[in-house]
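What the coordinates show
Spelled out from the first residue to the last, the chains are:
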Amino acid sequence: MRFNYPKLNIATYQNIKTLNDLGGNTDLPSLLLGIFFGFMIVMAIYNLFIYFSLKDRAYLFYIGIIIFNILTTLATNGISGQYFWPNQPDLDGIIYITFAGISMFFSSRFAAEFLELKEYHKRLDMLMWAIASLSLLLTVLSLFLTIEQITPFGRWLVLLSFPSYIIVAVIVYKKGFKPAKYYIIAWVPYVLGLIIRTMHGAGWLPTNQIILSSLELGGAFEIVLLSLALAYRIKEIQEENILIRNQLQNYISQVVILEEKIQSENTTKENILESRIERIALKHELTERETDVFLHLAKGLSNQKIADELFVSINTVKFHTRNIYEKLDIKKRNEINTKILFSQ
């Protein structure tokens with residue numbers, strides 16, 4: 001999530017006193033870094049398990065931020081050179097930019113995923129993709145350029161990306177996306193750490209271990225707050241899914257009730273029709289088969305469909321139809337409804 005901007009300002013480190021000037025407590029810096037790295041590793045593993053459970057890509061990007069933030073911090077403190085490339089101790093002076101660029105890539109993609117920019121804010125998503133692309137470009141260039149050559153680009157990218165994350169989150173929050181509030185809050189401790197280190201580099205603050213570790217402390221608090229923001233986001237999604245599921249169940253229930261009502265009305269109408277047919281059949285002395293044909297004629301079925309329903313030939317249907325017309329003294333089929341059924 002962070003590009004260690006004060007590292008770019010060489011004058012900052014020229015103002016830092018040696019550890020002996022801090023009172024001879026050589027264990028405190030190592031203790032703070034140890035706590036920081038241990039905490040970050042635990043957070044990475046914890047959120048990895050959550051990712052396997054929820055399959056939410058935001059957690060994957062979040063884990064990428066943590067991992068490369070750890071690598072960046074190792075490099076800026078000269079620790080990675082002691083353990084990973086002891087034959088090239090000066091490599092830490094440039095590779096931290098490589099790690100920071102990758103961290104910024106994951107930061108921009110995390111912002112886009114967390115704030116759901118792809119679904120609801122296409123232009124803001126394009127902005128995050130632009131920052132992600134520039135971050136990867138920074139990483140690639142750091143492998144070929146010197147620290148003096150890459151520093152201006154890195155500094156410019158930091159000034160572009162950090163405010164962009166916050167501004168985009170504010171825009172999304174104003175448009176009604178509540179989890180964006182927690183994303184904004186999560187940036188506060190890191191921004192404060194950045195301000196403190198910048199003020200220290202300018203000579204406005206005294207030198208002590210808390211001030212020197214302000215970025216790491218701010219970053220740790222940010223990671224915690226982002227984890228809480230992710231949890232809140234998941235909670236919001238789950239509550240929204242529950243609401244949609246309840247609405248769907250209510251809709252299905254209404255449809256079922258409506259279908260039952262329609263079916264009941266149809267059954268009632270059909271019973272009324274059959275009752276009228278039976279009365280007419282008795283009155284005009286229709287045979288049982290003629291009554292069956294008469295019922296289907298009243299329902300509006302064609303001769304072929306009546307034949308299919310009664311398992312007789314179409315000629316048989318026509319024969320019974322002629323007899324019905326003769327007994328009822330009608331000449332056309334539509335007279336069954338107009339003169340017979342509704343006049344009874």
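Nothing here was measured: the structure is a model prediction, and the numbers come from that model.

**Some details on the nonpolar core**
In terms of nonpolar packing, the biggest core is built from 64 residues, with F110, L115 and Y183 touching the most fellow members. Every element with two or more residues in this core is listed here: α3 (27-54), α4 (57-76), α6 (92-114), α8 (122-142), α9 (147-174), α10 (180-201) and α12 (214-283). Ranked by residue count, the leading element in this core is α6, at 13 residues. Aside from chain neighbours lying at most four places away, what touches Y183 is F110, A111, F114, Y165, A169, L226 and A229. Judged by nonpolar contacts, the second largest core, of 20 residues, contains I280, L286, A298 and A307.

**With respect to the confidence of the model for the chain**
Residue-level pLDDT values for the chain average 81, and 88% of them are 70 or greater. For the chain, the element scoring lowest by mean pLDDT is helix α2 (residues 10-14), at 38; α8 scores highest, at 94.

**Section: the side chain of N47**
For N47, the location among the structural elements is in helix α3. Relative accessible area serves as the criterion here: at 0%, N47 is assigned to the buried category. For N47, the residues in contact, after removing those within four places along its chain, are Y59, Y62, I63, S227 and L230.

**Section: the packing of helix α13 (residues 288-298) against helix α14 (residues 303-310)**
Their axes nearest at 10 Å, the elements α13 and α14 cross at an angle of 130 degrees. Our classification of the angle between α13 and α14 gives oblique. Considering the relative orientation of α13 and α14, their crossing is right-handed. Judged by residue contacts, R289, D292, V293, H296 and L297 of α13 engage I306, E309 and L310 from α14. Looking at side-chain class alone, the contact of α13 with α14 contains four nonpolar, one polar and three charged residues.

Cut-offs used in this document
Residues numbered from 1 in each chain as written. Predicted model: local features only at pLDDT ≥ 70, side-chain atom pairs only at ≥ 80, totals over all residues. Heavy atoms only, no water. Core = buried A, V, L, I, M, F, W, Y, C linked by side-chain atoms within 4.5 Å. Buried < 20%, exposed > 50% of the residue type's maximum accessible area, 1.4 Å probe, protein only. Helix = DSSP H or I, 4+ residues; strand = E, 2+ residues; numbered from the N terminus. Contact = heavy atoms within 4.5 Å. pLDDT = per-residue confidence, 0-100. Axes fitted to C-alpha atoms, helices over the stretch in contact; angles between N-to-C directions. Parallel < 35°, antiparallel > 145°, perpendicular 65-115°, else oblique. Left-handed = near helix turned anticlockwise from the far one by under 90°. Nonpolar A, V, L, I, M, F, W, Y, C, P; charged D, E, K, R; others polar.

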